[in-house]
Amino acid sequence: MQTLKIDGAKDREGLALAADIIRRGGLVIFPTETVYGLGANAYDADAARAVFRAKGRPADNPLIVHVDRPESAEEFAYTTELYYRLAESFMPGPLTLILKKKPNIPDAVTAGGGTVGVRCPIHPVAHEFLKLAGVPVAAPSANISGRPSPTAFSHCVEDMDGKVDAIIDGGECEYGLESTVALLLWDDEVKILRPGAVTAEALSCVASKVTTADGLAPGETPLSPGMKYRHYAPRAPLYLLDGKREDAAAYIKGRIKDGEACLFICFDEDRALDAPECASVSLGGKDDVASHAKRLFAALREADTYGASHKLDAIYTYMPGRDGGLSFAIYNRLIRAADHTVIKV
Ligand code: TXA
Ligand code: MG
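Residues numbered from 1 in each chain as written. Chains lettered and ligands numbered in written order. Predicted model: local features only at pLDDT ≥ 70, side-chain atom pairs only at ≥ 80, totals over all residues. Heavy atoms only, no water.

Engineer: Please clarify how the nonpolar core should be interpreted in this entry.
Structural biologist: If you look at soluble globular proteins, the nonpolar side chains tend to sit buried side by side. Grouped together as the largest cluster of nonpolar side chains are 48 residues, with contacts concentrated most on Ile29, Leu38, Phe76 and Leu86. Of the residues forming this core, the biggest block, six residues, is contributed by helix 2 (residues 45-55). The residues contacting Phe76, other than those within four sequence positions of it, are Tyr43, Val65, Val67, Lys101, Lys102, Asn104, Ile105, Val116, Val118 and Pro136. Counting 41 residues, the second largest nonpolar core, distinct from the first, contains Phe264, Ala303, Tyr316 and Ala338. (Core = buried A, V, L, I, M, F, W, Y, C linked by side-chain atoms within 4.5 Å. Buried < 20%, exposed > 50% of the residue type's maximum accessible area, 1.4 Å probe, protein only. Helix = DSSP H or I, 4+ residues; strand = E, 2+ residues; numbered from the N terminus. Contact = heavy atoms within 4.5 Å.)

Engineer: I would appreciate a short explanation of the site of ligand 1 in the present structure.
Structural biologist: Near ligand 1 you find 25 residues, and of these Thr34, Asn61, His66, Arg119 and Ser179 are the closest. Note that an oxygen atom of ligand 1 is positioned 2.8 Å from one of the side-chain N or O atoms of Arg57. Separating an oxygen atom of ligand 1 from a side-chain N or O atom of His66 is a distance of 2.7 Å. Contact with the protein chains hides 95% of the accessible area of ligand 1, taken as 680 Å² for the molecule alone. Only strand 4 (64-66), strand 7 (115-119) and strand 11 (189-194) provide two or more residues apiece to the shell around ligand 1. In terms of residue count, strand 7 provides more of the shell around ligand 1 than any other element does, four residues in total. Of the residues contributing to the shell around ligand 1, the split by class is eleven nonpolar, ten polar and four charged. (Near = heavy atom within 4 Å. Polar contact = N/O pair within 3.5 Å; in protein donor to acceptor, adjacent residues only side chain to side chain. Areas by Shrake-Rupley, 256 points an atom, 1.4 Å probe, with all protein chains shown as cover. Nonpolar A, V, L, I, M, F, W, Y, C, P; charged D, E, K, R; others polar.)

Engineer: In this structure, what is going on with the sheet that holds strand 17 (residues 342-344)? I would like to understand it.
Structural biologist: Either a parallel or an antiparallel arrangement is found when strands of a sheet pair, and the pairing is made through backbone hydrogen bonds. Strands sit in the order 15-14-16-13-17 across an open sheet of five strands; the sheet is parallel. Both outer strands of the open sheet, strand 15 (279-282) and strand 17, are each paired with one neighbouring strand and no more. Mean inter-strand twist for the sheet, computed between neighbouring axes without regard to direction, equals 25 degrees. Strand direction decides the pairing type here: strand 14 (residues 262-266) and strand 15, joined by four bridges, are parallel. Directly across from Leu263, in strand 15, lies its bridge partner Ala279. Of the strands in this sheet, strand 13 (238-242), strand 14, strand 16 (314-318) and strand 17 touch helix 8 (residues 245-257), which is tilted by about 170 degrees from strand 16. (Pairing = 2+ DSSP bridges. Axes fitted to C-alpha atoms, helices over the stretch in contact; angles between N-to-C directions.)

Engineer: Would you mind showing me how to read the packing of aromatic side chains here?
Structural biologist: Aromatic ring pairs: the centre-centre distance and the angle between the two ring planes describe each pair. One pass over the structure, following the stated rule, counts seven aromatic pairs. It is Lys102 that lies over the ring of Tyr78; its NZ or CZ is 5.2 Å from the centre. (Phe/Tyr/Trp six-rings, centres within 6.5 Å; stacked < 30°, edge-to-face > 60°. Lys NZ or Arg CZ within 6 Å of the ring centre and 35° of its normal.)

Engineer: Can you walk me through the packing of helix 1 (residues 12-23) against helix 5 (residues 124-133) in this structure?
Structural biologist: Helices that pack against each other are described as a pair by the angle of their axes relative to one another and the distance between those axes. Interhelical geometry of helix 1 versus helix 5 gives an angle of 50 degrees and a closest axis separation of 8 Å. In terms of axis orientation, helix 1 runs oblique to helix 5. Between helix 1 and helix 5 the crossing geometry is right-handed. In this structure, helix 1 contributes Arg12, Leu15, Ala16, Ala18, Ala19, Ile22 and Arg23 to the contact, and helix 5 contributes Val125, Glu128, Phe129, Leu132 and Ala133. Residues of the contact of helix 1 with helix 5, tallied by class, amount to nine nonpolar, no polar and three charged. (Parallel < 35°, antiparallel > 145°, perpendicular 65-115°, else oblique. Left-handed = near helix turned anticlockwise from the far one by under 90°.)

Engineer: Can you help me understand the confidence of the model for the protein chain in this one?
Structural biologist: Do not read the predicted coordinates in detail wherever pLDDT is low. Mean pLDDT over the protein chain stands at 92; residues scoring 70 or higher make up 93%. Taken together, the stretch residues 216-221 has pLDDT below 50 and engages in eight contacts with residues farther than four places along the chain or on a different chain. (pLDDT = per-residue confidence, 0-100.)

Engineer: I would appreciate a short explanation of the pattern of salt bridges in the present structure.
Structural biologist: Across all of its chains, the model carries 23 salt bridges by this definition. Linking Glu81 and Arg85 is a salt bridge whose minimum nitrogen-to-oxygen distance equals 2.8 Å. You can see Glu81 and its partner Arg85 sitting in helix 3 (residues 81-90), four residues apart, about one turn around the helix. Overall, the relative accessible area of 27% leaves Arg85 in the partly exposed class. The residue Asp313 makes a salt bridge to Lys311 at a minimum N-O spacing of 3.0 Å. Among the charged side chains, a salt-bridge network with shared partners connects Arg147, Glu158, Asp159, Arg301 and Asp304. (Salt bridge = Lys/Arg side-chain N within 4 Å of Asp/Glu carboxyl O.)

Engineer: Teacher, can you tell me more about the state of the cysteines here?
Structural biologist: Here is the idea: a disulfide is a covalent bond, and it sits between the sulfur atoms of two cysteines. Scanning the model with the defined rule gives zero disulfides in all. Distance from the sulfur of Cys262, which forms no disulfide, to the nearest cysteine sulfur (Cys278) is 3.8 Å. Owing to a relative accessible area of 8%, Cys278 belongs among the buried residues under this scheme. (Disulfide = S-S within 2.5 Å.)

Engineer: In this structure, what is going on with the environment of Pro136? I would like to understand it.
Structural biologist: Looking at the element boundaries, Pro136 is found in the loop between helix 5 and strand 8 (137-139). The contacts of Pro136, once residues within four sequence positions are left out, are Ala40, Asn41, Ala42, Tyr43, Val65, His66, Val67, Glu75 and Phe76.

Engineer: Can you walk me through the domain arrangement of the protein chain in this structure?
Structural biologist: Quite often, the size of an interface is put as the accessible area lost when its parts meet. In terms of domain boundaries, the protein chain breaks down into domain 1 (4-212) and domain 2 (238-344). Taking the mean C-alpha position of each, domain 1 and domain 2 sit 29 Å from one another. Each partner contributes residues to the interface: domain 1 has 25 residues there, and domain 2 has 17 residues. Both sides together, the interface formed by domain 1 and domain 2 hides about 1500 Å², and carbon and sulfur atoms give 57% of it. It is Pro148, Leu177 and Pro195 in domain 1 that bury the most area against domain 2; as a group they hold 37% of the surface buried on that side. (Domains from an automatic or database assignment. Buried area = accessible area lost by both parts, 1.4 Å probe.)

Structure below.
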C-alpha cells in the first residue's frame, strides 16, 4: 500500500482528502496533542478491524472514539451531567471519558464491551481533520503494538509506512503521553484508569470524588484492558534506578567497569556524569517534568535505534516520583516499559 504523506499545517486539500479516506473506510494517522492516532470511521466495523490488524493489537483492547466537539458524543454514547461538567473544564484536551455506548458503535471498536471512550483533542490539525471527516474517528495510538507511542511524524512513518492510507504531519506532540482515561461512576465519582496530563488533582476540582484504579499490582485485574499488556518496551532491557542521582551515576559507572554496554536516559545536568563510555539521551532539565513527559517515548525509540547499530546490554533511567501530578503518569508508562524492574541504588 502506498501511504500518502500530508502536511497538516499547510495542505488543506490534503486534509480534505484524508477526511474522505476515513468516510470511505480507510486508515489515516493524525496528530493530537498527546500522541499520534491511527484513525478509522468509528461506525465502520471493517475499518476498525483493519486498525487492529495494522497495529498487531489484541482484539480485546477497545479503541477510543475521537470527536470534534464534546456534544458530538450524543450520537453514539449516553452522556451525563458529569460528562458535560468535565467537558466544560477539560475538553478539548488530553482527557478520555468512558460512557455507556449506543448500539451504532460496532463491537469491533469497543472490543464487545458496553462502554465507549470519548476524546476531543485540542490539536488544531486534529480538530480540523475531525470536523472535515464528519464522523467520529476510532483511534488507538499509531504505534505497532508494544512499541512506544509515536510523538512525531517520523515515528509514524517508522512503524506504519505502507500499512495505512495516509499520515498527516502535525509536528511534535505537545504532551507526549497518552490522554488520561477516566470512568464516570454514580455519585459524582471519577475513576482514573490511565493517568495522563489531566491529573487527579485537576479532576477533583470538578468531580466530588476521584479515585485511581491501581491496576499496577501483579495479579490485579485492570479495569482498562490496555493496562494489562506490556507496553512501550524498548528492545534492550530497561531498568529504573531508585535513589539519589549521584548514586545512580555511581551505579552505572560500576556496570560500565564490569564491561556492560549501556545507555542512560537522563537529564541535561547528567551530561557531566563523567562516564563517556555510556551513551545518553536527555529528557530535558531535571526539574522540567513536562519535558520529561514530552520526550519520554522519543527517548525510548532513540535507545532502540542506538541499540540496532551498537551493542547494548541495558538501558537505565530514573525511577520517577509517584506523588501524583504528571510524574505519576510518567511512572505509569515507565514501570511497564521496564517490566517492573526497579534497582535500588
Ligand atoms: O491520547 C490518547 O488517548 C491517544 C490519542 C490517539 O487519542 N490514544 C490512545 O489510544 O492512547 P490507545 O488505544 O493506545 O489507548 C487507549 C486506552 C487503552 O488502555 C484502552 O484499554 C483504554 O484506553 N480504553 C479504551 N476504551 C475503553 C473502554 N471503553 N473502557 C475501558 N478502557 C478503555
Ligand atoms: Mg497505545
